[in-house]
Amino acid sequence: MTVTEPLLDVRDLTIAFGGKPVVHSISLSIAPGETLGLVGESGSGKSATSFALMRLLPPSATITGSIRLEGHPILTLPEPQMRTLRGSAVSMIFQEPMTALNPVMRIGDQIGESLLAHHPRTPRAELRARVIAAMQEVGLPNPEQRLRDYPYQFSGGQRQRILIASALINRPRLLIADEPTTALDVTVQAQILDLLRKLRRTHNLSILFISHDLAVISQIADRVAVMQHGRIVETAATADLFRDPQHPYTRKLLASAPTMQTDRSKPLATLA
Ligand SMILES: Nc1ncnc2c1ncn2[C@@H]1O[C@H](COP(=O)(O)OP(=O)(O)O)[C@@H](O)[C@H]1O
Ligand SMILES: [Mg+2]
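What you see is a predicted model, and the numbers here were worked out from it, not measured in a lab.

**A closer look at the packing of helix H4 (residues 107-118) against helix H7 (residues 156-168)**
Across the interface, H4 lies against H7 with an axial gap of 7 Å and an inter-helix angle of 25 degrees. The angle between H4 and H7 places the two elements in the roughly parallel class. Crossing of H4 against H7: the hand is right-handed. Judged by residue contacts, Ile107, Gln110, Ile111 and Ser114 of H4 engage Ile162, Ala165 and Ser166 from H7. Its residues assigned to classes, the contact of H4 with H7 comprises 4 nonpolar, 3 polar and no charged.

This is the structure we're talking about:
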């Protein structure tokens, strides 16, 4: 029993497409300020899970079980209330920021649009100030000038920062990050992980960090849930998972995480 009420509480969540289950009765919870890693190979049901949490799965999906976010029953909430929660209580970032950004809209307007979605009457000057502050917070250079630029004028890492600024401008308590660094090279990946760690600290943000790469997850997660073929086979504190993996699949993932040996700043690395 934990003393703190979980921010997110998922019980027996099952997701099926066309009658075929791809997520089988998974349960997980995230405390305020906690980062939970969700690891598993491609096709194991990680993204289906994250879309279910945002209630953004297509109508063809059948979902059972329960998802509670700050006590709200996500699976049965009326759509207007769900729309209020999306962006303001829970936000999501993806692997390829370009697909989430509008290529013909200035990035300042895109970040501002996220704020306006929840605070439509924000005065122009305040909107601009909030956008600039959001860009500063995620480390985008020269926000006053660059807010007029378009997504293609930014690097992959900067585009992910734009998405993070957009996702966090309404101060959600939970950020779902679905393979946010997978498309980035190792150096930029490390910078984005740094940024997420900083934002988590500053805002007591909870994060569901999804990746197929256990080495990446170990750099940010407090606890890790291991997913295989739509089932969570093991959940443990990150250090415990490395020290004493219980499930054969976890051991397999540990053995096939080559980047772990290269990161000498992490004591966990030597355990691999
Ligand atoms: N919209 C969809 N319609 C049908 N099948 C889907 C849909 N989305 C995902 N799937 C299937 O669900 C399974 C899990 O996919 P996904 O959650 O994307 O895995 P992961 O993110 O772990 O790589 C895969 O077999 C995938 O083909
Ligand atoms: Mg995925």
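**Some details on the site of ligand 1**
Around ligand 1 lies a shell formed by Phe17, Val22, Glu41, Ser42, Gly43, Ser44, Gly45, Lys46, Ser47, Ala48 and Pro58. Note that an oxygen atom of ligand 1 is positioned 3.2 Å from one of the backbone N or O atoms of serine 44. Broken down by element, the shell around ligand 1 gets its largest block of residues, 3 residues, from helix H1 (residues 46-54).

**Some details on the UniProt feature "domain: ABC transporter" (unreviewed entry) in the chain**
Within this structure's numbering, the places UniProt gives as "domain: ABC transporter" (unreviewed entry) are residues 8-254. Note that residues 8-254 is 41% helix and 26% strand, and that its end C-alpha atoms are spaced 27 Å apart.

**What about the pattern of salt bridges?**
For side chains bearing opposite charge, pairing can occur when the charged atoms are close. Across all of its chains, the model carries 12 salt bridges by this definition. One salt bridge in this structure joins arginine 55 and glutamate 79, with 2.9 Å as the shortest N-O distance. Here arginine 55 is found in the loop between H1 and strand S4 (61-69), whereas its partner glutamate 79 is found in helix H2 (residues 79-88), with 24 residues between them in sequence. Several salt bridges share partner residues, and in doing so they unite Arg55, Glu79, Arg83 and Arg86 into one network.

**Comments concerning unusual backbone geometry**
With phi around 50 degrees, arginine 55 is a residue other than glycine that occupies positive phi space. In this structure, histidine 229 is a non-glycine residue whose phi angle is positive, near 45 degrees. Locating histidine 229 in the fold gives a position in the loop between strand S9 (223-228) and strand S10 (231-237). By relative accessible area, histidine 229 is classed as exposed at 55%.

**Digging into the domain arrangement of the chain**
Each assigned domain of the chain is listed here: domain 1 (1-89 + 174-272) and domain 2 (97-171). A C-alpha centroid distance of 25 Å is found between domain 1 and domain 2. Opposite the 17 residues of domain 1 that make contact, domain 2 presents 12 residues. Approximately 1,200 Å² of surface area, both sides summed, lies buried where domain 1 meets domain 2, with 66% of it carried by carbon and sulfur atoms. Linking domain 1 with domain 2 are 0 salt bridges, by the criterion used here.

**A short note on the pairing of strand S7 (residues 174-178)**
The buried count for S7 comes to 5 of 5 residues, which makes it a mostly enclosed element. Side chains of S7 alternate between two faces, with Leu174, Ile176 and Asp178 and Leu175 and Ala177 buried alike. Bridging between strand S6 (residues 90-93) and S7 involves 4 bridges; their strand directions are parallel. The residue of S7 that forms the bridge with valine 90 is leucine 174. Handedness of the S7-helix H8 (residues 186-203)-strand S8 (residues 206-211) crossover: right-handed.

**Considerations on the sheet that holds strand S2 (residues 20-30)**
Read across the open sheet, the 4 strands follow the order S2-S1-S4-S5; overall the sheet is antiparallel. Edge positions in the sheet fall to S2 and strand S5 (72-73), since each of these pairs with one other strand and no more. Both strand S1 (residues 8-17) and S4 contribute to a ladder of 8 bridges, which runs antiparallel. Paired with leucine 8 across the bridge in S4 is leucine 69.

Rules used in this analysis
Residues numbered from 1 in each chain as written. Chains lettered and ligands numbered in written order. Predicted model: local features only at pLDDT ≥ 70, side-chain atom pairs only at ≥ 80, totals over all residues. Heavy atoms only, no water. Axes fitted to C-alpha atoms, helices over the stretch in contact; angles between N-to-C directions. Helix = DSSP H or I, 4+ residues; strand = E, 2+ residues; numbered from the N terminus. Parallel < 35°, antiparallel > 145°, perpendicular 65-115°, else oblique. Left-handed = near helix turned anticlockwise from the far one by under 90°. Contact = heavy atoms within 4.5 Å. Nonpolar A, V, L, I, M, F, W, Y, C, P; charged D, E, K, R; others polar. Near = heavy atom within 4 Å. Polar contact = N/O pair within 3.5 Å; in protein donor to acceptor, adjacent residues only side chain to side chain. UniProt positions renumbered as here; feature names shortened; annotations may be inferred. Salt bridge = Lys/Arg side-chain N within 4 Å of Asp/Glu carboxyl O. Buried < 20%, exposed > 50% of the residue type's maximum accessible area, 1.4 Å probe, protein only. Domains from an automatic or database assignment. Buried area = accessible area lost by both parts, 1.4 Å probe. Pairing = 2+ DSSP bridges. Right-handed = clockwise from strand over helix to strand, strands pointing away.

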